[in-house]
Amino acid sequence: KWAADYLRRGGRRKDEVLIAMHAGGSSRLKRWALEHFESLARIAVNESGARLLWIVDLAGTGADSMLPEGSIVARPSLRELIALLAESQLLVSNDGGPMHLAAALAVPPFAVDSWGIPEARNPFPTPRHPCIPRHDITSHPCPGHSLPLRPDCRPGPAPRPLPPPPAPTTPARS
């Protein structure tokens, strides 16, 4: 109820598609450039007619962004973020907490992956949870660093794909 009221006060109509965007991230290497998010926000709103929910993180990432007219800006607590995501039809974000919250809420997340190899962490990608690798990073750590970004920066053998999850079973009837 709180989120629906907040969005209504921000100008969202009940039948309007809501695209949430979160440009924050825990590290500079995990964040796509803010101007790219701003550009994508303009394209998404202009081409789809959706309402934009721009989520500012606790560090203030995106607080001064140039957004399309009619955008709703929120700087939510964790509970408020969950409620706002539950009202959204799509989340566009960096790989991070909001992406995982959206997926848990069955809100399709569209993630920009800055770590270079999403398959290493997401062995069962689906069309509902796309991840776009980012290739604009100019500095790649090498073995011994905590942030491997390229296959040649990985010590040891390359990760093997995991097998598909087992098919659900139905209990035998007696």
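Residues numbered from 1 in each chain as written. Predicted model: local features only at pLDDT ≥ 70, side-chain atom pairs only at ≥ 80, totals over all residues. Heavy atoms only, no water.

Visitor: Can you explain the nonpolar core? Please cite residues and give values.
Guide: Side chains that are nonpolar tend, in soluble globular proteins, to be buried together. Residues L7, A20, L53, I55, L84, L85 and L91 are the most contacted members of the largest nonpolar core, which totals 14 residues. For this core, the element with the most residues is helix α3 (residues 78-86), which contributes three residues. Those residues in contact with A20, other than ones at most four positions away along the chain, are L53, I55, L85, S88, L90, L91 and V92. I19, F37, A44 and W54 belong to the second-largest nonpolar core, a separate cluster that totals 12 residues. (Core = buried A, V, L, I, M, F, W, Y, C linked by side-chain atoms within 4.5 Å. Buried < 20%, exposed > 50% of the residue type's maximum accessible area, 1.4 Å probe, protein only. Helix = DSSP H or I, 4+ residues; strand = E, 2+ residues; numbered from the N terminus. Contact = heavy atoms within 4.5 Å.)

Visitor: Give me the lowdown on the packing of α3 against helix α4 (residues 97-104), citing residues and values where you can.
Guide: Angle between the axes and distance between the axes are the two parameters that describe a pair of packed helices. Two numbers describe how α3 lies on α4: the axes approach to 10 Å, and their chain directions differ by 50°. By the angle class used here, α3 and α4 are oblique. Read as a crossing pair, α3 and α4 show a hand that is right-handed. For the pair α3 and α4, the contacting residues are L78, L81, I82 and L85 in the first and P98, L101 and A102 in the second. (Axes fitted to C-alpha atoms, helices over the stretch in contact; angles between N-to-C directions. Parallel < 35°, antiparallel > 145°, perpendicular 65-115°, else oblique. Left-handed = near helix turned anticlockwise from the far one by under 90°.)

Visitor: Can you lay out a nonpolar patch on the surface for me, pointing to particular residues and giving the numbers?
Guide: On the surface, a cluster of nonpolar side chains totalling about 240 Å² of accessible area is made up of L78, I82 and L105. Position of I82 among the secondary structure elements: in helix α3. Given a relative accessible area of 32%, I82 falls into the partly exposed group. (Patch = residues over 30% accessible without salt bridge, like charges linked within 9 Å, V, L, I, M, F, W, Y side chains within 5 Å. Areas by Shrake-Rupley, 256 points an atom, 1.4 Å probe, with all protein chains shown as cover. Salt bridge = Lys/Arg side-chain N within 4 Å of Asp/Glu carboxyl O.)

Visitor: Which residues make up the pairing of strand β1 (residues 18-22), and what are the values?
Guide: Note on strand geometry: in a regular strand, side chains alternate between the two faces of the sheet. Counting buried residues in β1 gives five out of five residues, a clear majority hidden from the surface. Taking every second residue as pointing to the same face, both faces of β1 are buried, with L18, A20 and H22 on one and I19 and M21 on the other. Bridging between β1 and strand β2 (residues 51-55) involves five bridges; their strand directions are parallel. Considered in β2, the bridge of A20 is made with L53. Read as a crossover between parallel neighbours, the route from β1 over helix α2 (residues 34-48) to β2 is right-handed. (Pairing = 2+ DSSP bridges. Right-handed = clockwise from strand over helix to strand, strands pointing away.)

Visitor: Quick rundown of the packing of aromatic side chains? Include the residues and the values.
Guide: Any aromatic ring pair is given by two values, namely how distant the centres are and how the planes are angled relative to each other. For the structure shown, the criterion picks out two aromatic pairs. When the ring of W2 is compared with that of Y6, the centres are 5.2 Å apart and the planes differ by 25°; the resulting orientation is stacked. Highlighted residues: W2 and Y6, both in helix α1 (residues 2-9), separated by four residues, approximately one helical turn. Under the relative-accessibility criterion, Y6 is labelled partly exposed at 22%. Centroid distance W32 to F37: 5.0 Å. Interplanar angle 75°. Geometry classified as edge-to-face. Owing to a relative accessible area of 22%, W32 belongs among the partly exposed residues under this scheme. Residue class for F37 comes out buried when judged on its relative accessible area of 0%. (Phe/Tyr/Trp six-rings, centres within 6.5 Å; stacked < 30°, edge-to-face > 60°.)

Visitor: Which residues make up the environment of L91, and what values do they have?
Guide: Position of L91 among the secondary structure elements: in strand β4 (residues 90-94). Owing to a relative accessible area of 0%, L91 belongs among the buried residues under this scheme. Spatially, the C-alpha atom of L91 lies 4.6 Å from that of P109, the residues being 18 residues apart in sequence. When neighbours within four sequence positions are excluded, L91 is seen to be in contact with A20, M21, H22, L85, P98, M99, A102, V107, P108, P109 and F110.

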